[in-house]
Amino acid sequence: MKKALSAALAVALLYGCASQQAAKEEPKARVEERAPSQPTTTQPAQPRAAQVNPLKDPNNVLSKRSVFFDFDKSDIKDEFRSLLQAHGKYLAENRGAKMLVQGNCDERGSREYNVALGQRRAESVKRTLVLMGATEAQIEPVSLGEEKPRCTGHDEQCWSQNRRGDMLYGGEY
Amino acid sequence: MPNRSGQFALLLAAALMFVNCAARAQLTIEITGGGANQTPIAVLPFAGEAALPQALTDVIEQDLARSGRFRTLYVGGIDPLPSEMAQVNFADWKSRTADAVVIGSLQKLADNRFEARFRLLDVPKQTQIVGLSLTFAAKDARLSAHKIADIIYEKLTGERGVFSTRVAYVVKQGARYELRIADADGQGAQSILISPEPIISPAWSPDGTRLAYVSFQHKKPVIYVQSLTASRQPAPVANYRGSNSAPAWSPDGKQLAVVLSRDGGSQIFLMNADGSNLRRLTYADAISTEPVFSPDGEFIYFTSDRGGSPQIYRMQAAGGDAVRMTFEGDYNVSPRISPDGKMLAYISRTEGRFRLIAMDLASRQMQALTDGPNDESPSFAPNGRMILYASDVGDRGVLAAVSSDGRVKQRLTVQAADVREPSWGPFSGN
């Protein structure tokens, strides 16, 4: 018994520290389902009648949830207008739907200032959605600052993926 | 009752694992630059201190050396070791260039506690500068050594020592975030909070009994205050719609300045430390964040881009018009005020490098204290002598410290972990 216990201890010790040391590598960046670059459907499906949840259907533009920003900018680029229009319309047609918009930044600069920059991006997304028919009460804009990078490298290729607003519907966060 | 001994073994294993790994996860401090005008000092081993697992005088000597203010002299081969002033050969110490000598003794008391007596001696004058005794339990031996080092430091430099203070910081290991507190020398690290989501902006209450911080565990930033003395669950003090971040304590510990987006944009608010009595302070159509009180409580310094780029501003703590403090460059953030209120430390970006800058508030003269490239989150030691900040080496976050005159540099690392968001705690016992 004594032997078994000390063996168990030794294993536990080894395992415990090994795992702590091995924990250096970054977790894999969260992979999101991306719609094909040319969506086959542009009109939002009827939420009740549809067999497939339009928010999850990879062929539906509503399954796309990310808007990307230029460095130090929070204005919505033209290429994301149609995406926000589709989500604005969905929110208008589904008044019970709620959305969390998370603004994100690249890693450069102050963490707290980046929380504020991410907030500005999230509010920019929200404002556009409201212009497209959503109500203020449906959308909560929040910031993750630089804390949850999708890409963990230290170059512009990564940074451009991290300057982002993500739209999450109720039940997804 | 299935397999009770198995359960016990597991528990024991878990406990040992924690102890073992905690020991490995200590911060180690490396001095990367020395100071000028170091006082040569000899710290002689205390008679009887072998009764402790670690000699008090090792800790004292390391504290003094790390401060950059002292040069510790070789003390080997002294036999017998003096523990009283009459036994000290001053002529010998003078020839060894010592300005000061520390002698002492350790005794185990009947209640298993220890009593350390020490004397700090002035070699040229052959006088005692101070002589004191401390009584402590074995588990507090390191803290007692730090306190002795604080007394020596204060007597010889004229300013309070910070060896017995603590620092808070965040460690990221994989997808696990830990808020930790350690002694100022990086030893004795304790985990305050473990979360699968990021933790940023820890801030000590002025009395050292509470930590405010920002947690992302609710998929957005929420401000918490955690007691370090009572085993209470941390309580959210600001969890409004939108983002809640950047907590800063008022010098009396009764209020927190915070940044909320509940009215749209990032604006500075003031509230009581329990979250009540919320009042909005800033109204500019721009970002206002990173508030910090001046030590006299009169002003709040903060970062805002109301002028087109992020710069540091100052306003009355009750709100009102803001005065711009920084003008050079287009990215000046993270203001901190020295404990004497005379210096503004902040992070400035020049040519893509983020560096720590010190500005003398009277003359507005600036000095770059670090070279970057990714220095952030500065935090003054309570005596104002050193500034702790976050930096990186390769892909890993490390903590570093620099003296407020830029001369002494230290690097603090935790093995195989990413360390960030340092915050230096207050003096103990005030």
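Residues numbered from 1 in each chain as written. Chains lettered and ligands numbered in written order. Predicted model: local features only at pLDDT ≥ 70, side-chain atom pairs only at ≥ 80, totals over all residues.

**Q** How should I be thinking about the overall build of chain B in this particular structure?
**A** Within chain B one finds four helices and 30 strands. Its C-alpha atoms give chain B a radius of gyration of 24 Å, near enough to 22 Å, the size a compact globule of 430 residues would have. Each principal axis of the C-alpha atoms in chain B carries an extent, and together these give about 75 × 75 × 40 Å. Evaluated residue by residue, chain B yields a buried proportion of 47% over its 430 residues. Taking the intrachain contacts of chain B between residues at least 6 apart in sequence as the baseline, contacts between residues at least 24 apart amount to 44%. (Helix = DSSP H or I, 4+ residues; strand = E, 2+ residues; numbered from the N terminus. Rg over C-alpha atoms; globule rule 2.2 N^0.38 Å. Buried ≥ 20, exposed ≤ 12 C-beta atoms within 10 Å, placed from the backbone. Contact = placed C-beta atoms within 7 Å.)

**Q** When you look at the pairing of strand β2 (residues 99-104) of chain A in this model, what are you seeing that I'm missing?
**A** Note on strand geometry: in a regular strand, side chains alternate between the two faces of the sheet. All names here are of chain A. For β2, the tally of buried residues reaches five of six residues, placing the bulk of the element in the interior. Across six bridges, β2 lies against strand β3 (residues 139-145) in parallel orientation. If you follow Val-101 over to β3, its bridge partner there is Pro-141. On the question of chirality, the crossover connecting β2 to the parallel β3 by way of helix α3 (residues 111-131) is right-handed. (Pairing = 2+ DSSP bridges. Right-handed = clockwise from strand over helix to strand, strands pointing away.)

**Q** Explanation requested: the environment of Phe70(B) in the structure shown.
**A** Examined against the element boundaries, Phe70(B) turns out to sit in strand β3 (residues 70-72). For the pair Phe70(B) and Lys254(B), spaced 184 residues apart in sequence, the C-alpha separation works out to 38 Å.

**Q** Hey, could you run me through the sheet that holds strand β5 (residues 114-122) of chain B in this one?
**A** Hydrogen bonds along the backbone pair up the strands of a sheet, which may run parallel or antiparallel. All names here are of chain B. The strand order across the open sheet formed by five strands is β3-β2-β4-β5-β6, and the pairing between neighbours is mixed. The sheet terminates laterally at β3 and β6 (127-136), the two strands that pair on one side only. Averaged over all pairs of adjacent strands, the angle between strand axes in this sheet comes to 25°, irrespective of strand direction. The sheet strands contacting helix α2 (residues 56-66) are β2 (39-43), β3, β4 (100-108) and β5, and the helix crosses β3 at an angle near 140°. (Axes fitted to C-alpha atoms, helices over the stretch in contact; angles between N-to-C directions.)

**Q** Looking at this structure, how should I read helix α2 (residues 81-93) of chain A?
**A** One turn of the α-helix equals 3.6 residues, which is why residues spaced by three or four share an orientation. Residues and elements named next belong to chain A. Between its terminal C-alpha atoms α2 stretches 18 Å, which fits the 18 Å expected from 13 residues at 1.5 Å a residue. Every buried residue belonging to α2 is among Leu-83, Leu-84, Ala-86, His-87, Tyr-90 and Leu-91, and all of these are buried. In an axial view of α2, the angular spread of the buried residues amounts to 155°, which keeps them on one side of the axis. Looking at the buried residues of α2, the elements they touch are β1 (66-68), β2, α3 and β4 (164-169). (Expected span 1.5 Å × (residues − 1). Arc of directions from axis to C-beta.)

**Q** Got a minute to help me understand the sheet that holds strand β16 (residues 267-272) of chain B in this structure?
**A** Residues and elements named next belong to chain B. Taken in spatial order, the four strands line up as β14-β15-β16-β17 in an open sheet, and their pairing is antiparallel. Every other strand in the sheet has two partners, leaving β14 (244-249) and β17 (279-280) as the edge strands with one partner each. One ladder, built from two bridges, connects β16 with β17; its direction is antiparallel. Within β17, the residue paired with Phe-269 across the bridge is Arg-280.

**Q** What should I look at first to understand the packing of α2(A) against α3(A) in this one?
**A** The geometry of a pair of packed helices is captured by two quantities: the angle between their axes and the separation between those axes. Residues and elements named next belong to chain A. Between α2 and α3, whose axes approach to 8 Å, the crossing angle comes to 65°. Like other packed secondary-structure pairs, α2 and α3 cross with a definite hand, here right-handed. Contacts between α2 and α3 involve Leu-84, His-87, Gly-88 and Leu-91 from the former and Val-125, Thr-128 and Leu-129 from the latter. Looking at side-chain class alone, the contact of α2 with α3 contains four nonpolar, three polar and no charged residues. (Left-handed = near helix turned anticlockwise from the far one by under 90°. Nonpolar A, V, L, I, M, F, W, Y, C, P; charged D, E, K, R; others polar.)

**Q** Could you clarify how one ought to interpret the confidence of the model for chain B in this entry?
**A** Low pLDDT marks stretches whose predicted atomic positions should not be read closely. Residue and element names in this part refer to chain B. Overall, the predicted model of chain B reaches an average pLDDT of 91, with 91% of residues at or above 70. When the criterion is pLDDT under 50, residues 1-24 qualifies, and its contacts beyond four places in sequence or with other chains add up to 19 contacts. Of the two predicted TM-score estimates for the complex, the pTM is 0.85 and the ipTM is 0.90. (pLDDT = per-residue confidence, 0-100.)

**Q** Could you clarify how one ought to interpret the nonpolar core in this entry?
**A** In globular proteins that are soluble, nonpolar side chains generally tend to be buried together. Core analysis: the biggest nonpolar cluster contains 118 residues, and Leu56(B), Val101(B), Val102(B) and Ile387(B) have the highest contact counts within it. For this core, the element with the highest residue contribution is helix α4 (residues 141-157) of chain B, accounting for eight residues. Both domains that furnish three or more residues to this core are identified here as domain 1 (28-157) and domain 2 (166-424) of chain B. The contact partners of Ile387(B), leaving out residues within four places of it in the chain, are Ala345(B), Leu356(B), Leu369(B), Pro378(B), Ser379(B), Phe380(B), Ala401(B), Val402(B) and Ser404(B). If you look at the next biggest cluster of nonpolar residues, it comprises 20 residues, including Val61(A), Leu83(A), Ala134(A) and Met167(A). (Core = buried A, V, L, I, M, F, W, Y, C linked by C-beta atoms within 7 Å. Domains from an automatic or database assignment.)

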